Amino acid sequence: MARFSPYDNNGGTCVAIAGADYCVIAADTRMSTGYSILTRDYSKICKLADKCLLASSGFQADVRALQKVLSSRHLVYQHQHNKQMSCPAMGQLLSNTLYYKRFFPYYAFNVLGGLDSEGKGCVFTYDAVGSYERVGYSSQGSGSTLIMPVLDNQLKSPSPLLLPAKDAVTPLLENEAVDLVKDVFASAAERDIYTGDRVEIVIVNAEGIRREYIELRKD
Amino acid sequence: MTSVEGLLVCEQDSQRTLSPYVTGTSVIGIKYKDGILMTADMGGSYGSTLRYKSVERMKSIGKHSLLGASGEISDFQEILRYLDELIKYDDMWDDGNSFGPKEIHNYLTRIMYNRRNKFDPLWNSLVLGGVKNGQKYLGTVSMIGVHFEDNHVATGFGNHLARPILRDEWKEDLSYEDAVKLLEKCMRVLLYRDRSAINKLQVAKITEEGVTISQPYSLKTFWGFNAFQNPSKGAEGTW
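Residues numbered from 1 in each chain as written. Chains lettered and ligands numbered in written order. Predicted model: local features only at pLDDT ≥ 70, side-chain atom pairs only at ≥ 80, totals over all residues. Heavy atoms only, no water.

A. Broad picture of the overall build of chain A. What chain A contains, in helices and strands, is 4 helices and 12 strands. A compact globule built from 219 residues should have a C-alpha radius of gyration of about 17 Å, and chain A, at 17 Å, falls within 12% of that. Principal axes of the C-alpha set define a box for chain A whose edges measure 60 × 40 × 35 Å. By residue count, 51% of the 219 residues in chain A fall in the buried class. In chain A, 63% of the contacts between residues at least 6 apart in sequence involve partners at least 24 apart. Within the structure as shown, chain A displays about 10,200 Å² of accessible surface, and the carbon and sulfur contribution to it stands at 53%. With 23 positive and 24 negative side-chain charges, chain A shows a spacing of 6 Å between the two charge centroids. (Helix = DSSP H or I, 4+ residues; strand = E, 2+ residues; numbered from the N terminus. Rg over C-alpha atoms; globule rule 2.2 N^0.38 Å. Buried < 20%, exposed > 50% of the residue type's maximum accessible area, 1.4 Å probe, protein only. Contact = heavy atoms within 4.5 Å. Areas by Shrake-Rupley, 256 points an atom, 1.4 Å probe, with all protein chains shown as cover. Lys, Arg positive; Asp, Glu negative; His and termini not counted. Charge placed at Lys NZ, Arg CZ, Asp CG, Glu CD.)

B. View of the interface of chain B and chain A. On the chain A side, the residues contacting the 22 residues of chain B number 25 residues. Both faces combined, the contact of chain B with chain A buries some 2,000 Å², and carbon together with sulfur accounts for 56% of it. Between chain B and chain A we count 1 salt bridge in total. With a closest N to O distance of 2.9 Å, Asp 62 of chain A and Arg 116 of chain B form a salt bridge. Summed over the shared surface of chain B and chain A, the result is 8 residue pairs in polar contact (both at pLDDT 80 or more). (Buried area = accessible area lost by both parts, 1.4 Å probe. Salt bridge = Lys/Arg side-chain N within 4 Å of Asp/Glu carboxyl O. Polar contact = N/O pair within 3.5 Å; in protein donor to acceptor, adjacent residues only side chain to side chain.)

C. Focus on the packing of helix α1 (residues 60–81) of chain A against helix α2 (residues 87–100) of chain A. All names here are of chain A. The N-to-C vectors of α1 and α2 enclose an angle of 130°; their axes lie 11 Å apart at closest approach. Relative to α2, the element α1 is oriented oblique. By crossing handedness, the relation of α1 to α2 is classed as right-handed. Counted together, Leu 66, Val 69, Leu 70, Arg 73 and His 74 of α1 and Met 90, Leu 93, Leu 94, Thr 97 and Leu 98 of α2 form the full contact between these two elements. Its residues assigned to classes, the contact of α1 with α2 comprises 7 nonpolar, 2 polar and 1 charged. (Axes fitted to C-alpha atoms, helices over the stretch in contact; angles between N-to-C directions. Parallel < 35°, antiparallel > 145°, perpendicular 65-115°, else oblique. Left-handed = near helix turned anticlockwise from the far one by under 90°. Nonpolar A, V, L, I, M, F, W, Y, C, P; charged D, E, K, R; others polar.)

D. Broad picture of the environment of Glu 236 of chain B. Residue and element names in this part refer to chain B. Within the fold, Glu 236 resides in the segment after α7 (226–229). Residue classification places Glu 236 among the exposed positions, given a relative accessible area of 82%. In sequence terms Glu 236 and Ala 162 are 74 residues apart; their C-alpha atoms lie 33 Å from each other.

E. A look at the packing of aromatic side chains. For the structure on display, the rule yields 12 aromatic pairs over all chains. Aromatic pair Tyr 7 of chain A and Tyr 107 of chain A: ring centres 5.9 Å apart, planes at 55°, arrangement tilted. Of this pair, Tyr 7 of chain A sits in the segment before β1 (13–18) while Tyr 107 of chain A is found in the loop between α2 and β7 (108–115), placing the two residues 100 residues apart along the sequence. On the basis of relative accessible area, Tyr 107 of chain A is assigned to the partly exposed category, the value being 29%. Aromatic rings pair up to connect Phe 4, Tyr 7, Phe 59, Phe 104, Tyr 107 and Phe 109 of chain A together with Phe 119 and Trp 123 of chain B into one cluster. When the ring centre of Tyr 7 of chain A is taken as reference, the NZ or CZ atom of Arg 116 of chain B above it lies at 5.1 Å. Taking the ring centre of Tyr 176 of chain B as reference, the NZ or CZ of Lys 205 of chain B above it sits at 5.2 Å. (Phe/Tyr/Trp six-rings, centres within 6.5 Å; stacked < 30°, edge-to-face > 60°. Lys NZ or Arg CZ within 6 Å of the ring centre and 35° of its normal.)

Okay, structure coming up:
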């Protein structure tokens, strides 16, 4: 007999790459359940502040609830401090928000990207219950197992054990990072059935926010 | 009493929908030139028994929206009560404002997700269509709160059988006649292949002018194919 399950996996892949003065955040636009595609045009990227974007995959209803919590917390923050929240602050808030539901988690896999208060690219990567880390690049979601090793290979970030600590930002130029993102998504779409249809790429830099789309396999 | 027993007793006494009783099958909705068209059959299944044959599974909501439901019929009727209440209290402001389809869809989304958080779901997949200020809107919500908008949506079996047809043949500027034909093509496929679908259906339309829900009617079918009449002929080990 049909039994109730409060979770679903709607798939999707998120990638973010931080550069010296930019950040690229990308996610595919497919939403699936099981072997069915629900829609080919659902944006997984949420703009939380002027220079802070969140890409999330997992269970869409939880993701949407999470986005709403963060947006409303950010609104309160703006009223109290009369400024936009910084990306590292939003990173900590997201971690706390996820851990708050530690025993009935948001089934959401997040990558937070943007510029920090110095204008440097920053990426934060999470698990579903709020463990997080600032990194130079990251991938989360159904295609992450295919993408992450390629990013490791292409971007070789300095070891976090080095002393003195080295910046995790990647040495790539903005357009090189965007091209890399396009390539990894095209590759992931070949093998991961939950990744496809289209990639939404958001580029954040000093000038502001720019969006690009490229088509992926639709099968 | 041990804590484990306590949990079991709790579940026994609970008033949650742990599985659905009387259910409706697929709903299909599409955008067309002047608005939204939606269709659903009128069957209410009690497990695999066809228990009710005149269930209206599409209702107009407020001035600008149309709601269709598959899944537990009683939960759908409860949702209708929620919406009636919502719209009544909104109307009492008497400020000339009214909820559009986007607002209703968002409200439904929150209700469905809130109930899944309580482990007490409303066992439905909903389709919401509407037109307000010249804007067409078509969206869907599931039992656990998963929701999205699209040019065409379908619940349950419709997602497997109707949407591939819609992805092939749907166009933005479909005329009313062509849109109804397209929906009927989808419903015919569902009728042939979805065991709980019945040949008594309604088509509902919503435009800037308002909602019209058709009288129940049936589709012309053809069961004369050889394989239908003698399905086991030629199969090894049968007679």
